[in-house]
Amino acid sequence: GIDTMSANIVWPNNVLGSLSVTYFCKDVKFELEIIGSGGKMTLTRKTDGPGYRVVTVSNDDGGRVEEDFGYGGLKGEFFAFAAACKGEGVDRNTPSEAFLDIAFV
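Residues numbered from 1 in each chain as written. Predicted model: local features only at pLDDT ≥ 70, side-chain atom pairs only at ≥ 80, totals over all residues. Heavy atoms only, no water.

### A word on the pairing of strand β6 (residues 64-69)
Here is step 1 of the chain: For strand β5 (residues 52-58) and β6, the ladder comprises 6 bridges, and the chain directions are antiparallel. Pairing of R53 across the sheet is with D68, part of β6.
Here is step 2 of the chain: The hairpin formed by β5 and β6 contains 5 residues between the paired strands, and G62 there has a positive phi angle of roughly 75°. (Pairing = 2+ DSSP bridges. Helix = DSSP H or I, 4+ residues; strand = E, 2+ residues; numbered from the N terminus.)

So, in structure tokens, the structure goes:
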């Protein structure tokens, strides 16, 4: 049967995204990846302990920064940002402010 699904997402305000889900793996994986002109940021649930790992890679020099975070508010920020992109209200930050927060992380 089918073990992998993928979709491209376009919200009404032209924000683009993609979603991939696979059931052909032994570990549960939660990942959010944001790619921009300056580089990319990946948020994954850690497999070597509790919490999340954020990895940023710069397009300018290929520099890579990896940081670990415990469970808490970071997950809520990403879900609130996604909801704002879909036009489902605004959390405490506008989408532009959320991008600045992500750049800081």
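Moving on from the coordinates now.
### Here's the deal with the environment of P50
Here is step 1 of the chain: Residue placement: P50 occurs in the loop between β4 (39-45) and β5.
Here is step 2 of the chain: A residue is classified by how much of its surface remains accessible, and P50, at 61% relative accessible area, is exposed.
Here is step 3 of the chain: For the pair P50 and F69, spaced 19 residues apart in sequence, the C-alpha to C-alpha distance is 8.7 Å. (Buried < 20%, exposed > 50% of the residue type's maximum accessible area, 1.4 Å probe, protein only.)

### With respect to the sheet that holds strand β3 (residues 31-36)
Here is step 1 of the chain: Strand order in the open sheet formed by 4 strands is β3-β4-β5-β6, with antiparallel pairing between adjacent strands. Single-partner strands in this sheet number two, and they are β3 and β6. Taking the axes of each pair of neighbouring strands and ignoring which way they run, one obtains an average angle of 10° across the sheet. (Axes fitted to C-alpha atoms, helices over the stretch in contact; angles between N-to-C directions.)

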